[in-house]
Amino acid sequence: MDIRNAFRKMLSDYIIIQAEIALSIGIIGSFFAGDEPISYHYFFLPAILGLVCMLPCLITYFKEDMTIRQIILQRVIEFLVIEAAIIASIYYIVGDALGLAGYIVMFFSILFFDILTYGLSYWFEKKDADAINRKLKADRERE
């Protein structure tokens, strides 16, 4: 993978992770945060957390020939980093206001959006791969 494609993929994944974080924080905040005062600088949390959560992804941009086991390990580490970063930041913002139930719901909300984003990414990538395969097949049939 050339550096330009790696950078494009990194930027795409960063935006996806940032959206995932913003949705998770928004959903949990709307249900559990209530009247907790927040500062305007919390607006930047998804961007900062997105950078932190991208760290486990860096290997995937520069190593093209990963085994299935390596990919699964990378995805599990990425999920754990996302969980830890978001839960720690929410605890920093609202403390114990969410209670145990709020943090459990947050865990499952993050898990849901993580699975959703991987599913959508797979679907889009499969769609692109199928289009390329159809073009290749048509080219072979013409020859």
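Keep in mind that what you see is a predicted model, and the values were worked out from it rather than measured. (Residues numbered from 1 in each chain as written. Predicted model: local features only at pLDDT ≥ 70, side-chain atom pairs only at ≥ 80, totals over all residues. Heavy atoms only, no water.)

### Let's talk about the overall build of the protein chain
- Each helix and strand in the protein chain was counted, giving five helices and zero strands.
- Its helices and strands in sequence order give the protein chain the pattern α-α-α-α-α, from N to C terminus.
- Here the protein chain has a C-alpha radius of gyration of 19 Å; the compact-globule value for 143 residues is 15 Å, and the former is much larger.
- The principal-axis extents of the C-alpha atoms in the protein chain amount to approximately 70 × 30 × 25 Å. (Helix = DSSP H or I, 4+ residues; strand = E, 2+ residues; numbered from the N terminus. Rg over C-alpha atoms; globule rule 2.2 N^0.38 Å.)

### With respect to the side chain of Thr 117
- Structurally, Thr 117 can be placed in helix 5 (residues 99-142).
- Classification of Thr 117 by relative accessible area gives buried; the value is 16%.
- Not counting residues up to four positions away in its chain, the partners in contact with Thr 117 are Ile 16 and Glu 20. (Buried < 20%, exposed > 50% of the residue type's maximum accessible area, 1.4 Å probe, protein only. Contact = heavy atoms within 4.5 Å.)

### A word on the packing of helix 2 (residues 45-54) against helix 4 (residues 68-94)
- Contact geometry for helix 2 and helix 4: axes closest at 9 Å, N-to-C directions at 150°. Comparing the axis directions of helix 2 and helix 4 gives the class roughly antiparallel. The interaxial crossing formed by helix 2 with helix 4 has right-handed handedness. Facing Leu 45, Leu 49, Val 52 and Cys 53 of helix 2, the residues of helix 4 in contact are Glu 78, Val 81, Ile 82, Ala 85, Ile 86, Ser 89 and Ile 93.
- A breakdown of the residues in the contact of helix 2 with helix 4 according to their chemical character gives nine nonpolar, one polar and one charged. (Axes fitted to C-alpha atoms, helices over the stretch in contact; angles between N-to-C directions. Parallel < 35°, antiparallel > 145°, perpendicular 65-115°, else oblique. Left-handed = near helix turned anticlockwise from the far one by under 90°. Nonpolar A, V, L, I, M, F, W, Y, C, P; charged D, E, K, R; others polar.)

### Examining the layout of surface pockets
- Approximately 690 Å³ is the volume found for the largest pocket.
- Along the walls of the largest pocket sit 24 residues, with Lys 9, Asp 13, Thr 60, Arg 75 and Glu 125 positioned nearest its centre.
- Listed by contribution, the elements that provide at least two residues to the lining of the largest pocket are helix 1 (3-33), helix 3 (58-62), helix 4 and helix 5.
- With eight residues, helix 5 is the largest single contributor of residues to the lining of the largest pocket.
- A breakdown of the residues in the lining of the largest pocket according to their chemical character gives 10 nonpolar, four polar and 10 charged. (1 Å grid on protein atoms, 1.4 Å probe; cavity = no way out; pocket = protein on both sides within 12 Å on 5 of 7 lines; lining within 4 Å. Points joined across faces, edges and corners; volume = space filled by probe spheres on them.)

### Comments concerning the pattern of salt bridges
- Under the definition given, this model contains three salt bridges.
- Taking the shortest distance from any N to any O, the salt bridge between Lys 9 and Glu 125 comes out at 3.3 Å. Of this pair, Lys 9 sits in helix 1 while Glu 125 is found in helix 5, placing the two residues 116 residues apart along the sequence.
- Residue classification places Glu 125 among the partly exposed residues on the basis of a relative accessible area of 44%.
- Here Asp 130 makes a salt bridge to Lys 126, at a shortest N to O gap of 3.3 Å. In this pair, Asp 130 and Lys 126 are both assigned in helix 5, four residues apart and thus about one turn of the helix distant.
- Since its relative accessible area comes to 29%, Asp 130 is described here as partly exposed. (Salt bridge = Lys/Arg side-chain N within 4 Å of Asp/Glu carboxyl O.)

### A few points about the environment of Leu 23
- Its place among the elements puts Leu 23 in helix 1.
- Among the residues examined, Leu 23 registers a relative accessible area of 44% and is labelled partly exposed.
- Sequence spacing of Leu 23 and Ile 110 is 87 residues, and the spatial spacing of their C-alpha atoms is 8.9 Å.

### Details of the environment of Phe 31
- By the element assignment, Phe 31 lies in helix 1.
- Phe 31 sits 71 residues away from Gly 102 along the chain, and the two C-alpha atoms are 8.5 Å apart.

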